[in-house]
Each structure stands twice: as structure tokens, then as C-alpha cells.
Amino acid sequence: MTASTPQAATRPLVRPDTVDTALATPDPDSFQGDLMTDAPRATVDPFAVTIRGVGEPHPARAALRAAGPIVRADAPAGGPVWIITDDALAREVFVHPRIVKDPACAPASWDPRTAGLEPAAAAQPSLTTFDGPAHERLRRAHAPLFTARRMRDYSERITAFARELLTELADTGETVDLMADFTTRFPLTVVCDVLGVPLDRTDQAIAACRGMFSDDPGEVGAAMAAFGELAAAALSDGQDGLAVELRDRVPDDITETQLHYLLFTLIYAGQLTTDPSLGFLLARVFEADRAAAEGTTTEEFVRETLRLHSPAPFSLWRFTSADIELAGVRLPARSPVLVDIQGVNTDPGRSIGPDLTFGAGPHYCTGAQLAQLELSAVVKVLRADFPGARLAVPFAELRQTDLGGIQGSRLTALPVKLRG
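Criteria and cut-off values
- Residues numbered from 1 in each chain as written.
- Predicted model: local features only at pLDDT ≥ 70, side-chain atom pairs only at ≥ 80, totals over all residues.
- Heavy atoms only, no water.
- Helix = DSSP H or I, 4+ residues; strand = E, 2+ residues; numbered from the N terminus.
- Buried < 20%, exposed > 50% of the residue type's maximum accessible area, 1.4 Å probe, protein only.
- Contact = heavy atoms within 4.5 Å.
- Areas by Shrake-Rupley, 256 points an atom, 1.4 Å probe, with all protein chains shown as cover.
- Pairing = 2+ DSSP bridges.
- Core = buried A, V, L, I, M, F, W, Y, C linked by side-chain atoms within 4.5 Å.
- Salt bridge = Lys/Arg side-chain N within 4 Å of Asp/Glu carboxyl O.
- Polar contact = N/O pair within 3.5 Å; in protein donor to acceptor, adjacent residues only side chain to side chain.
- Axes fitted to C-alpha atoms, helices over the stretch in contact; angles between N-to-C directions.
- pLDDT = per-residue confidence, 0-100.

Regarding the overall build of the protein chain
So, step 1. Helix and strand content of the protein chain: 15 helices and 13 strands.
So, step 2. A buried classification covers 55% of the 420 residues belonging to the protein chain.
So, step 3. Across the protein chain, contacts joining residues at least 24 apart in sequence account for 76% of those joining residues at least 6 apart.
So, step 4. Put simply, the protein chain shows about 17300 Å² of open surface, and 52% of that area lies on carbon and sulfur atoms.

Shown next as C-alpha cells:
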């Protein structure tokens, strides 16, 4: 997750004395500046808020790549961060046993809210903060629910949602900004339906997701409370969705509050990443790359869009749990590490092979199949039902905003005439 979440007073999934010592919280005093050697410094701020053209690359991507396979920059929450720009090294980081995701291993000086950290793994079980055996247990509960086969069972419903929402907008007969509502409403409608959240609560889900971006802790707290209500609704008697199946699959010692948090992460992440991806996908469908799409399947077109416009430009935060050496650079315990997913994906020298859009290794995105199915459904509906759809402004006038930190970019607007 990239937005901050309040610390939850919940009991751990595993006892502290059963955690692999490589994953245990290191001594804060081990964070010593004099151990940080050899990594070149970034010459461009990779975390800055910027506005640029829809096809204009982020100014930091090429600069980071040119600096070397591992580059030191200033972290948004203070102190240094090491950014991985090389494909092979990135895949090593994704499976390194002493580069972990537990926020308990973050620099001691970091404010969790400023850094956008989730609760520590010992306080709140989460796929995005657990490592090792604890992560494996939790992933075994999630993964079978989100396979390509299971997601295909929802294909007709997902297509119907896309058609219904786009038709409602088209029937206004006016120019519509798809970034104003559709790119948020569609993925949240889908994820609510898949999990079993009643669809009359979609507006509540939209408001909760938007509330997570507030600088007001009270608004963030209200958003988290709303997510709790959405989770409870999905688990209520008579509901038929993956939330109920997940409840029956998680380890017995997961509490109701902890289960609600797991469902929150699925809802929020389902919107947070798919929303911006839809904007770039639609822009390509409407204008710039129609010719490029010829001869390719819809699924290939979607995957190429995700490679070019990664919904998450960086990996989620990872931290060294002990002193390590990485690509000749010595990193002390509690060193923050990021993989430059966008930079690796668009590296002209990258060999053909799987990209890093959904990560790699044990933390590969659980919702990857659902996200690609949603995006493919929208493309198919547009081409079949709205063949005359076009941009209402020249493609070159579209702008994207980098949201700052490790968040991605999003089109500022996407004005479209769905019918001629």
C-alpha cells in the first residue's frame, strides 16, 4: 500500500519466538551512516510531484538508470533510500531473505504516517508486510481465490459492468471526463462484486478510497472505519463472494478485525492501481496507438500498456533486516530499498521476458489476473459498442500528474465523446 493506515491493536498471526531470525526487527543502533558506501547519488528527485505530457517519460527514469544498478536518493520520510534500476538485481531483491517488507524494520527515525507505512506485521497480519513462513500461510489462503480460472468465472459480469457504466455516460450525449468517475467507479464496482460487498455500497467504497488521500488524520480514520463497514457487509449472512471464502481459508487465529483489514487491502489496492491504469489504457485505445494494437490480442495490448505505464512505478517499501552487501554496496540494517519498476520495464536494454509490473517472487501481486481481466473487458466493450468513441481534445494536450512519493501517475483528465 502507498497510503498511510492507522496502527491496529491486534494480536500477531505468529508468536515472536517463531519468526525467522532473519526477519526479526534489527537493533536501531545498527543504522550507521558510515556503512553506506559506493552507491552513486540520484541527480533528479524521483519522488517529486510533477505534471507532464501523457507520453512524456518521467525525468528521473533515465537519470536513475544511467547512474548505475543501485542508486542512493533522499527518501520522502527522511534519510537515504537505495533504488534498484537493473532487472536482474531487482529480481534478486524481490527474493532476498534479508530484504523484508515488515515496517518494523523501517528506519527508526521514520514517522509511519509520513512514510505511508502499514502497521507492523506483528500488529496486523497482511500479505504486503509479512515475509517467510507467515507470508506463505496467508498467501495460501488468498491465492486460490484469484487464479486466472477463478477470475474468468466473473468475466461476463465484469464486461456487463463496463458496458452499463459506459452506456450511462454515453447516453448523456455530452463530452464526459472518464477520469472524473469511471476509472474509479468501475474497478470498485468489480472488486465489491467479486468480494461480495453489496453494490449499493459502491459510493461508500469510492468515498473511503478518496478519504485515504487526505492529510487530515480524522478523515483517514473515517475512511478506515468505512472500509470496516464494507468488510462486515461482505461477510454478513447471505452474502456470496470471495470474502466469505477467504474467511473460511485464513488461519484460525486471524481475528475478525484482522480479517476486515485483509479485505480493506483488497478493496483499496483494487482501486489504487487499476484506476490510473485505466486512464492510460483508454488514452491509447482512443488515439495514439490504434495502429500498434493491430495484430495483437486485447490481452497483449493491455499488458503492453501496463509495461509502459506501470500502475506502481516503484515496489512497495522493503528494508534490510541485517547488514548486507548488494551489488558491491554495503547496506546496514533498516536500510530502505525500492525497485524502480517503471524504469526497469522501459529500459531499452532490457532483454525480452516477463516485466515487473506485478512484481516478482513470493510477493507477486495476488490481484494481477483480476486487474488484467478488468482492463481487457473495458477495451473489448469500447471497440464493440462504441467504435466511434474519440478524444474530445488532441492527444498531445492530455496531461499526467505524478502524485509524489512512491505513488504513481494519473491522467489529470480524459475528455471523451463516446458517441459521434
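Moving on from the coordinates now.
Side note on the pairing of strand 9 (residues 336–339)
So, step 1. Residue alternation in strand 9 divides its side chains into two sets, Pro336 and Leu338 and Val337 and Val339, and both sets are buried.
So, step 2. Where strand 3 (residues 80–84) lies against strand 9, 3 bridges are found, and the strand directions are parallel. Paired with Ile84 across the bridge in strand 9 is Val339.
So, step 3. The sheet contact formed by strand 6 (residues 318–320) and strand 9 spans 2 bridges and is antiparallel.

Remarks on the nonpolar core
So, step 1. By size, the foremost hydrophobic cluster in this structure holds 86 residues, and its most contacted members are Phe186, Leu195, Phe227, Phe286, Leu414 and Leu418.
So, step 2. Top element by residues in this core is helix 11 (residues 256–288). It accounts for 16 residues.
So, step 3. Beyond its immediate chain neighbours, meaning those up to four positions away, Phe186 contacts Ile158, Phe161, Ala162, Leu165, Leu278, Glu374 and Val378.

Examining unusual backbone geometry
With glycine set apart, most residues show a phi of negative sign, and most peptide bonds adopt trans.
So, step 1. Although it is not a glycine, Ala327 adopts a positive phi angle of roughly 50°.
So, step 2. Structurally, Ala327 can be placed in the loop between strand 7 (324–326) and strand 8 (329–331).
So, step 3. What makes Ala327 partly exposed here is its relative accessible area of 47%.
So, step 4. Of note, the phi angle at Arg334 is positive, near 75°, even though the residue is not glycine.
So, step 5. Its location among the elements puts Arg334 in the loop between strand 8 and strand 9.
So, step 6. A residue is classified by how much of its surface remains accessible, and Arg334, at 7% relative accessible area, is buried.

Things to note about the sheet that holds strand 5 (residues 176–177)
So, step 1. An order of 5-13-10 is seen for the 3 strands of this open sheet, with the pairing classed as antiparallel. Two strands lie at the open edges of the sheet, namely strand 5 and strand 10 (390–391), each paired on one side alone.
So, step 2. Relative to strand 13 (residues 415–417), strand 5 runs antiparallel, the two being bridged by 2 bridges. Across the sheet, Val176 pairs through a bridge with Val416, a residue of strand 13.

Quick look at the pattern of salt bridges
Note that side chains of opposite charge can pair when their charged atoms are close.
So, step 1. This structure, assessed with the given rule, holds 15 salt bridges.
So, step 2. Arg163 is the partner of Asp385 in a salt bridge, and the nearest nitrogen-oxygen pair spans 2.7 Å. In this pair, Asp385 sits in helix 15 (residues 368–385) while Arg163 sits in helix 6 (residues 155–170), placing the two residues 222 residues apart along the sequence.
So, step 3. Judged by relative accessible area, which is 32%, Asp385 ranks as partly exposed.
So, step 4. For the salt bridge of Arg419 with Asp171, the shortest nitrogen-to-oxygen distance reads 2.8 Å. Highlighted residues: Arg419 in the segment after strand 13 and Asp171 in the loop between helix 6 and strand 5, separated in sequence by 248 residues.
So, step 5. Take Arg419: its relative accessible area is 40%, and that puts it in the partly exposed class.
So, step 6. Via salt bridges that share partners, Asp181, Arg185 and Asp203 belong to a single interconnected network.

Some remarks on the side chain of His58
So, step 1. Here His58 lies in the loop between strand 1 (50–53) and helix 1 (59–67).
So, step 2. With relative accessibility at 9%, the residue His58 sits in the buried group.
So, step 3. Within polar-contact distance, the side chain of His58 engages the backbone nitrogen of Ala60 at 2.9 Å.
So, step 4. When sequence neighbours within four positions are dropped, the list of residues in contact with His58 reads Asp45, Pro46, Ala48, Arg52 and Asp402.

As for the sheet that holds strand 11 (residues 399–402)
So, step 1. If you walk across this open sheet you meet the 3 strands as 1-11-12, and the pairing is antiparallel. The open sheet has two free edges, formed respectively by strand 1 and strand 12 (409–411), since each of these has just one partner strand. Sheet twist, expressed as the average angle between the axes of neighbouring strands with direction ignored, equals 30°.
So, step 2. Where strand 11 lies against strand 12, 3 bridges are found, and the strand directions are antiparallel. Each bridged residue has a counterpart across the sheet, and for Gln400 the counterpart in strand 12 is Leu411.

A few points about the confidence of the model for the protein chain
Low-pLDDT stretches of the model should not have their predicted coordinates read in fine detail.
So, step 1. Of all residues in the protein chain, 89% have pLDDT values of 70 or greater, and the mean over the chain is 88.
So, step 2. Here residues 1–36 is modelled with pLDDT under 50, and outside its nearest four sequence neighbours on either side it reaches 104 contacts, counting other chains as well.

Let's talk about the environment of Arg210
So, step 1. On the secondary structure map, Arg210 appears in helix 8 (residues 202–211).
So, step 2. Among the residues examined, Arg210 registers a relative accessible area of 44% and is labelled partly exposed.
So, step 3. When the C-alpha positions of Arg210 and Gln271 are compared, they lie 10.0 Å apart, and in sequence the two are 61 residues distant.
So, step 4. Among the polar contacts made by the side chain of Arg210, one reaches the main-chain carbonyl oxygen of Ala180 at a distance of 3.4 Å.

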